[in-house]
Amino acid sequence: MLIYGVTLLSVSFFAGLFLGDVIGKVIGINSNVGGVGIAMVILIMGVNYLTKRNKLSSKAQEGIAFWSGMYIPIVVAMTANQNVIAAVKGGPAAIIAGLLATVISFALIPFVSKIGKGKGGNFNKEKGVDNNA
Amino acid sequence: MLDIASKIFLKNGFVMSFALIGITMYLSYLISVKLTKGRVHGSAIAVILGLVLAYIGGVKTGGKHGIADIEMFAGIGLMGGAMLRDYAITATAFGVDFDEIKKAGLPGVVSLFLGVIVSFLIGAIVAFAFGYTDAVSVTTIAAGAVTFIVGPITGAAVGASSEVIVLSIGAGVVKSILVMVVTPFIAKYIGLNNPTSAMVYGGLMGTTSGVAAGLAATDPKLVPYGAMTATFYTGLGALLAPSVLYLITKAILG
């Protein structure tokens, strides 16, 4: 049934948020730490576990796939809720701080992506897999 | 007539949001094909149209929630709120290659720390250049350059004035909107076309909404990888900014 997939997604979601809140509490900040990321890992593990045992019907998988497919429209709705005025009215200090932080972070992406690539490349060579494929 | 329609929308706000966003998506893909010959991705145009709607809502009502502040469109607030956003982000993990995530483990962690520290440092320099010289204000504005959530958390923790906190939120919102709009256009120049660089991107940019929309407009296949690291960023920022980074700022500014 469709709802089983949606339920698996919901349970993973809550388990992740709960662990994220617990981590936040443990390190003493009033914020969730990686809850959604943890939920994603739990979902991946749950799906793997159930598919291996043939317990996740294709209908149930459709339930998860539906919400995955709704992601882009939901994000578009999210952009329509942004406080754009705050960005415009923030004045030059806010605009320049946000702008420079964005530009320089973008510029770092190619360099950080290279970290560990040498190691990964060797590892793949042993297995005869082309890393750049 | 308009009265009757708006009453129905008001009563069924959530369902109305599916219709409105669906039409927005359709128009965006139409613009993408007809006006840009597919060069600008439909979802990139949808993100920009969404921001335009948000701007109209903000101008009309003076509120903080974009188009959702117009009563008739309040349902957009539910569809685009944090609950469904995070739920749908989680769902994108379905079909993810776990080996890719493990491969990006080290660069992912590096990008998180580097992302928070670099954004903080730049925010601090800009704050200083604009004449803020006390450690509390500089730290708060710098934290805003991390994300618009870390800014007010830090400001409240170190006791910043509300004017400075508003400024820090402004910096974070500028960053988040820029990430949404700019990502699809520069993706190929920064090598944002594989799971590893998507995870690094999520860790460096950090703003969940910016990363979510930026990757959606670039390549939906990369979304789960970027979103995974980005969800750790705000927590890490909220941990580092009011503590270690505040103490360092205080030591430097005296």
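Residues numbered from 1 in each chain as written. Chains lettered and ligands numbered in written order. Predicted model: local features only at pLDDT ≥ 70, side-chain atom pairs only at ≥ 80, totals over all residues.

## Considering the overall build of chain B
Consideration 1: Within chain B, the regular secondary structure consists of 13 helices and zero strands.
Consideration 2: Counting from the amino terminus, helix and strand elements in chain B follow one another as α-α-α-α-α-α-α-α-α-α-α-α-α.
Consideration 3: The C-alpha atoms of chain B give a radius of gyration of 20 Å, which matches the 18 Å a tight globule of 254 residues would have.
Consideration 4: For the C-alpha atoms alone, the extent of chain B along its principal axes is close to 65 × 45 × 30 Å.
Consideration 5: Counting over 254 residues, chain B shows a buried share of 59%.
Consideration 6: Sequence separation of 24 or more characterises 65% of the internal contacts of chain B that already satisfy a separation of 6 or more. (Helix = DSSP H or I, 4+ residues; strand = E, 2+ residues; numbered from the N terminus. Rg over C-alpha atoms; globule rule 2.2 N^0.38 Å. Buried ≥ 20, exposed ≤ 12 C-beta atoms within 10 Å, placed from the backbone. Contact = placed C-beta atoms within 7 Å.)

## Observations regarding the domain arrangement of chain B
All names here are of chain B.
Consideration 1: Annotation of chain B at the domain level lists domain 1 (2-80) and domain 2 (98-253).
Consideration 2: If you average the C-alpha positions of domain 1 and of domain 2, the two centres end up 27 Å apart.
Consideration 3: Counting residues at the interface gives six residues for domain 1 and seven residues for domain 2.
Consideration 4: In the side of domain 1 that touches domain 2, the residues fall into four nonpolar, two polar and no charged. (Domains from an automatic or database assignment. Nonpolar A, V, L, I, M, F, W, Y, C, P; charged D, E, K, R; others polar.)

## Description of unusual backbone geometry
For residues that are not glycine, phi is negative in most cases, and the peptide bond is trans in most cases.
Residues and elements named next belong to chain A.
Consideration 1: Its identity as a non-glycine residue notwithstanding, Asn 54 has a phi of 60°, on the positive side.
Consideration 2: Residue placement: Asn 54 occurs in the loop between α2 (35-52) and α3 (58-69).
Consideration 3: According to the C-beta neighbour criterion, Asn 54 is exposed, with 7 such atoms within 10 Å.

## Side note on the interface of chain B and chain A
How big an interface is tends to be reported as the loss of accessible area on association of its parts.
Consideration 1: Counting residues at the interface gives 92 residues for chain B, matched by 65 residues for chain A.
Consideration 2: Ranked by residues supplied to the side of chain B that touches chain A, first place goes to helix α10 (residues 162-186) of chain B with 13 residues.

## Concerning α10 of chain B
All names here are of chain B.
Consideration 1: For α10, built from 25 residues, the straight-helix expectation of 36 Å at 1.5 Å per residue is met to within 8% by its first-to-last C-alpha distance of 35 Å.
Consideration 2: In the structure, α10 departs most strongly from a straight axis at Met 180, where the bend amounts to approximately 35° and where the proline Pro 184 lies between one and four residues downstream.
Consideration 3: With 18 of its 25 residues buried, α10 lies for the most part within the structure. (Expected span 1.5 Å × (residues − 1). Bend = angle between axes of the 7 residues up to and from the residue.)

## Some words on the packing of helix α7 (residues 105-129) of chain B against helix α13 (residues 223-253) of chain B
All names here are of chain B.
Consideration 1: Following both chains from N to C, one finds α7 and α13 inclined at 50°, their axes separated by 9 Å at the closest point. Between α7 and α13, the angle falls in the class oblique. Between α7 and α13 lies a crossing whose hand is right-handed. Every residue of α13 that contacts α7 at Gly 108, Ser 111, Leu 112, Gly 115, Val 116, Phe 120 and Ala 124 is listed here: Thr 229, Phe 232, Tyr 233, Leu 236, Gly 237, Leu 240, Ala 241, Leu 245 and Thr 249. (Axes fitted to C-alpha atoms, helices over the stretch in contact; angles between N-to-C directions. Parallel < 35°, antiparallel > 145°, perpendicular 65-115°, else oblique. Left-handed = near helix turned anticlockwise from the far one by under 90°.)

## A short note on the environment of Val 84 of chain A
Consideration 1: Position of Val 84 of chain A among the secondary structure elements: in helix α5 (residues 84-89).
Consideration 2: Using a count of 25 C-beta atoms within 10 Å as the deciding quantity, one classes Val 84 of chain A as buried.
Consideration 3: Discounting residues that sit within four places of it in the chain, Val 84 of chain A has contacts with Leu 51, Ala 54, Tyr 55, Gly 58, Gly 66 and Ile 177 of chain B.

## Observations concerning helix α11 (residues 195-205) of chain B
Consideration 1: Of all eleven residues that make up α11 of chain B, eleven are buried, and the element is covered over most of its length.
Consideration 2: Next to the buried residues of α11 of chain B lie α6 (91-113) of chain A together with α6 (98-103), α7, α10, α12 (208-218) and α13 of chain B.
Consideration 3: Two residues or fewer past α11 of chain B, Gly 206 of chain B is found with a positive phi of approximately 80°.

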